[in-house]
Amino acid sequence: MLTHLRPALSLTLLFTLLTGLAYPLAMTGAAQALFSDAANGSLIERDGTAIGSSLIAQGFAGAGYLQPRASASGWNAAGTGASNLGPTSAALIAQVAERRAAFEALNGAPAPIDAVTASGSGLDPHISPENALAQVSRIAAARNADPAAVRAVIEAAVERPLLGLYGLPVVNVLRTNLALDAALAL
């Protein structure tokens, strides 16, 4: 019996060390060496303090900032998720109508679809360029700036599709708000 048990225990120990320790350490080392920003959470720092991640949305208060997509989780990374309301839900239809009215009243422009629908995870860090550009007048008025200057900052922040083929153009809200702060102080 010991002749059967010894190889089984040896292989269990070997593969535990290989797949449970060596492989994860090698992948962590490779990620840190090749993609250290992404491996560390894509944190954005200001004055040496992490203020957010370019991968996770956060709410912004104030008329001088781009507003992100609505979030069913309140941009809380501990409790992410959608509302699970279906397209025929009266509550969802009311929420979308309320968001549309609020967006149009605040920005004086028609609301793009991503301004009235919530992100699936509740933490989508991007909005469409149409959504961002619809907010130009409000941001310019709050910052006492020329709308053309605000538009230029937003247009410079548009992230194009990978290789011009994969995905849609998007605007990262946190990075763009930081660029607005740098270019046009409140």
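Here, every reference points to the structure presented above.
We now turn to the structure provided with this report. What you see is a predicted model, and the numbers here were worked out from it, not measured in a lab.

### A short note on the pattern of salt bridges
And step 1. Counted by the stated rule, this structure contains five salt bridges.
And step 2. A salt bridge links Arg143 to Asp181, with the shortest nitrogen-to-oxygen separation between them at 2.9 Å. One end of the pair, Arg143, is in helix H6 (residues 136-143); the other, Asp181, is in helix H8 (residues 173-183), and 38 residues separate them in sequence.
And step 3. Here Arg151 makes a salt bridge to Glu155, at a shortest N to O gap of 3.6 Å. Of the two residues, Arg151 and Glu155 are both situated in helix H7 (residues 147-156); the distance of four residues between them amounts to about one turn of the helix.
And step 4. For Glu155, a relative accessible area of 40% translates into the label partly exposed.
And step 5. Each of Arg46, Arg143 and Asp181 takes part in a single network of salt bridges with overlapping partners.

### Some details on the packing of aromatic side chains
And step 1. Scanning the model with the defined rule gives one aromatic pair in all.
And step 2. Across from the ring centre of Tyr65, 5.0 Å away, lies the NZ or CZ of Arg143, which sits over that ring.

### Examining the nonpolar core
And step 1. If you look at the biggest cluster of nonpolar residues, it comprises 20 residues, and the most contacted ones within it are Leu66, Ile127, Ala132, Val150, Ile154, Val171 and Leu180.
And step 2. When contributions to this core are tallied by element, the ones reaching two or more residues are H6, H7 and H8.
And step 3. Those residues within four positions of Leu66 in sequence are excluded, and the remaining contacts are Phe60, Ile127, Ala132, Gln135, Ile139, Ile154, Val171, Val173, Thr176 and Asn177.

### Examining the environment of Tyr23
And step 1. Tracing the backbone shows Tyr23 in helix H1 (residues 2-34).
And step 2. On the basis of relative accessible area, Tyr23 is assigned to the exposed category, the value being 51%.
And step 3. Along the primary structure Tyr23 and Asn76 are separated by 53 residues, whereas in three dimensions their C-alpha atoms are 32 Å apart.

Procedures and definitions
- Residues numbered from 1 in each chain as written.
- Predicted model: local features only at pLDDT ≥ 70, side-chain atom pairs only at ≥ 80, totals over all residues.
- Heavy atoms only, no water.
- Salt bridge = Lys/Arg side-chain N within 4 Å of Asp/Glu carboxyl O.
- Helix = DSSP H or I, 4+ residues; strand = E, 2+ residues; numbered from the N terminus.
- Buried < 20%, exposed > 50% of the residue type's maximum accessible area, 1.4 Å probe, protein only.
- Phe/Tyr/Trp six-rings, centres within 6.5 Å; stacked < 30°, edge-to-face > 60°.
- Lys NZ or Arg CZ within 6 Å of the ring centre and 35° of its normal.
- Core = buried A, V, L, I, M, F, W, Y, C linked by side-chain atoms within 4.5 Å.
- Contact = heavy atoms within 4.5 Å.

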